[in-house]
Amino acid sequence: WAMENQVLTPHVYWAQRHRELYLRVELSDVQNPAISIAENVLHFKAQGHGAKGDNVYEFHLEFLDLVKPEPVYKLTQRQVNITVQKKVSQWWERLTKQEKRPLFLAPDFDRWLDESDAEMELRAKEEERLNKLRMESQGSPETLINLKKGYLFMYNLVQFLGFSWMFVNMTVRFFILGKESFYDTFHTIADMMYFCQMLAVVESINAAIGVTKSPVIPSVIQLFGRNFILFIIFGTMEEMQNKAVVFFVFYMWSTIEIFSRYPYYMLCCIDMDWKVLTWLRYTVWIPLYPLGCLAEAVSVIQSIPVFNETGRFSFTLPYPMEIHVRFSFFLQVYLIMLFLGLYINFRHLYKQRRRHYGQKKKKIH
C-alpha cells in the first residue's frame, strides 16, 4: 500500500475519434477499480502493479469538452482500457481543459489518428454502411441467383406438367378410342394448350431481359408460329377443330417439350446433369421438329379453302385501289415463313448440339 498522503499516478495513454475517447492505464493485476465521471472530470483509483510497484494509484482528468458521465472500462492482466463518449461528435485539439499536459499523460500512438485520418476512417465506415444497406435492399448476388433458379425451376416444372398431361391424355385416348380420338382432340386438350402457350410468352421475355441466355429470335419465332396455329387457325375456325391434323400438331408439340426441353431445363436449374436427358435434349429435335413443322404446314394448307369460303379476316383496300385481299394470301406467305423459321431453329439447335457433342480435333504427331 502507498504511504499516507502520497498520491501515485500511473502512466496513462490516450487517443480519440470524433465520438469517443480512449484511455489506456498501465497497471497490471488491478483490483478494486473505482472509475467514474463527475462534473466532466474523470476520477480513477485502483490497486495494482505499476511503476511504483504494488500500490494504490489514482488520477483526475478534467476534459476539454463535455462528455457523457458513463465511462466503460475493461480490465486485462496488463492494463485498464477506458472508453468515454463525447457529448458532441467533434475533433478535440487536446484531452484536458488545462493547456499544459499532465506528466503522466501521453498520446497512444498505437491508436492515434490525426483529424484527416479520422475523417477518412469515418468516410470509409459510412461507405461501408451504405453498401451494406444497398446490399440488403437489393439482395446479395447469391440470393438473387437462388431466386432466379427457383423462379426458372418452377416455370419449367409447370410447363412440363402441362405438356405431360396433354401427352398422356392423347396417348391414352388413342389406345382406347383409336382413330376416333383424332377428331375431338381440340375439345379435350385446347384449354390446357391455351394455358401453356400463353405462359410460353415468359420464355421470350426472359430471353429479352437477360434472365436466360437463350437467343431472342428463335424463341420469338417458335412462340409466334405456335400461337398463330393455335389461336388463328384452330381457335377461330370451328371447321378446323374437328380435323385429325389437330391431334398430330398437339402431339408433336407435347412430345418435343417433355422429351427435349423442360425436364432438361429443370435439372439445369438445380445444377444436375443426367446424361440420358441431355442426349434427348440435343437429339430428339432432329426428327420431331421437321415432323411438327410438317403437321403445322398441313393444318395451314387445310385451312386455306375454309378461310376462302367463309371470308374471315379477308378485307378490301380503300378507294381508289379497292382490291379484295383474301386471308389465304397471308396463309401462303406464312407457309414460306414457317419453313424459314424451321431452318433458323434447326440451324440454332444444330450449333448447340455440335458445341456440346462436337468431335475433338485429333492431335497431329
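Predicted, not measured: the structure shown is a model, and the values here were computed from it.

Undergrad: Hey, could you run me through the environment of leucine 75 in this one?
TA: Of note, leucine 75 is situated in strand E6 (residues 72-75). The partly exposed category is assigned to leucine 75, whose relative accessible area is 39%. Residues leucine 75 and tyrosine 155 lie 80 residues apart in sequence; the distance between their C-alpha atoms is 60 Å. In this structure, leucine 75 is in contact with Val30, Pro33 and Val80, ignoring residues within four places of it in sequence.

Undergrad: Where do I start with the domain arrangement of the chain in this structure?
TA: By a widely used convention, the size of an interface equals the accessible area lost when the partners come together. We note that the domain assignment places domain 1 (12-112) and domain 2 (141-355) within the chain. Using only C-alpha atoms to locate each centre, domain 1 and domain 2 end up separated by 79 Å.

Undergrad: Sorry, what's going on with the environment of phenylalanine 224 here?
TA: Mapped onto the fold, phenylalanine 224 is located in helix H5 (residues 216-234). By relative accessible area, phenylalanine 224 is classed as partly exposed at 48%. As a C-alpha pair, phenylalanine 224 and glutamate 257 span 33 residues in sequence and 16 Å in three-dimensional space.

Undergrad: Even after reading the chapter, I still don't get the nonpolar core, so can you show me in this structure?
TA: Side chains of a nonpolar character, in soluble globular proteins, are inclined to be buried together. Ranked by size, the top nonpolar core spans 50 residues in total, and within it Ile229, Ile233, Phe234, Val249, Phe250 and Leu331 carry the most contacts. Elements supplying a minimum of two residues to this core: helix H2 (141-177), helix H3 (185-199), H5, helix H7 (245-260), helix H10 (285-310) and helix H11 (327-357). Discounting residues that sit within four places of it in the chain, isoleucine 233 has contacts with Phe228, Met240, Ser299, Ser303, Phe307 and Leu331.

Undergrad: Sorry if this is basic, but what is going on with helix H4 (residues 201-209) here?
TA: Along H4, the residues classified as buried are Glu203, Ser204, Asn206 and Ala207. Take H4 and look down its axis: the buried residues cluster within an arc of 160°, on one side only. In H4, the exposed positions that point more than 90 degrees away from the buried face belong to Ala208 and Ile209. Trailing H4 by a residue or two, glycine 210 shows a phi angle of about 90°, which is positive.

Undergrad: Quick question: what am I supposed to make of the sheet that holds strand E4 (residues 41-50) here?
TA: Pairing between sheet strands relies on hydrogen bonds along the backbone, with the strands arranged either parallel or antiparallel. Sheet architecture is open: three strands sit in the order E3-E4-E5, paired in antiparallel fashion. A single partner strand is all that each edge strand has here, and the edge strands are strand E3 (28-38) and strand E5 (53-62). Pairs of neighbouring strands in the sheet enclose a mean axial angle of 10°, with direction left out of account. Here E4 runs beside E5; their pairing, made up of 10 bridges, is antiparallel. When the bridges of E5 are listed, valine 41 appears paired with glutamate 62.

Undergrad: Where do I start with H5 in this structure?
TA: Within an α-helix, residues lying three or four positions from one another point in the same direction, as the helix has 3.6 residues per turn. With 19 residues, H5 should reach 27 Å at 1.5 Å per residue; the first-to-last C-alpha distance of 26 Å fits that figure. Along H5, the largest kink reaches about 25° and is centred on phenylalanine 228.

Undergrad: Explanation requested: the UniProt feature "domain: CS" (unreviewed entry) in the chain in the structure shown.
TA: The UniProt record marks residues 7-96 with the feature "domain: CS" (unreviewed entry), using the residue numbering of this structure. Counting secondary structure, residues 7-96 comes out at 0% helix and 58% strand; the distance between its end C-alpha atoms is 20 Å.

Undergrad: Please clarify how the packing of aromatic side chains should be interpreted in this entry.
TA: Note on aromatic pairs: each is described by the distance of the centres and the angle between the planes. For the structure shown, the criterion picks out 30 aromatic pairs. Taking 5.8 Å as the distance between ring centres and 70° as the angle between the ring planes, the aromatic pair formed by phenylalanine 174 and phenylalanine 175 counts as edge-to-face. The partly exposed category is assigned to phenylalanine 174, whose relative accessible area is 34%. Grouping aromatic residues by their ring pairs yields a cluster made of Phe167, Phe174, Phe175, Phe182, Phe247, Phe248, Tyr251 and Phe259.

Undergrad: Teacher, can you tell me more about the confidence of the model for the chain here?
TA: Should the pLDDT be low somewhere, the predicted coordinates at that spot are not to be read in detail. When pLDDT is averaged along the chain, the result is 87, and 90% of the positions lie at 70 or above. When the elements of the chain are averaged for pLDDT, helix H1 (residues 115-138) gives the smallest value, 64, and H3 the largest, 95. Every residue in residues 360-365 is under pLDDT 50, and counting partners more than four places away or in other chains gives zero contacts.

Reading the values: the criteria
- Residues numbered from 1 in each chain as written.
- Predicted model: local features only at pLDDT ≥ 70, side-chain atom pairs only at ≥ 80, totals over all residues.
- Heavy atoms only, no water.
- Helix = DSSP H or I, 4+ residues; strand = E, 2+ residues; numbered from the N terminus.
- Buried < 20%, exposed > 50% of the residue type's maximum accessible area, 1.4 Å probe, protein only.
- Contact = heavy atoms within 4.5 Å.
- Domains from an automatic or database assignment.
- Core = buried A, V, L, I, M, F, W, Y, C linked by side-chain atoms within 4.5 Å.
- Arc of directions from axis to C-beta.
- Pairing = 2+ DSSP bridges.
- Axes fitted to C-alpha atoms, helices over the stretch in contact; angles between N-to-C directions.
- Expected span 1.5 Å × (residues − 1).
- Bend = angle between axes of the 7 residues up to and from the residue.
- UniProt positions renumbered as here; feature names shortened; annotations may be inferred.
- Phe/Tyr/Trp six-rings, centres within 6.5 Å; stacked < 30°, edge-to-face > 60°.
- pLDDT = per-residue confidence, 0-100.

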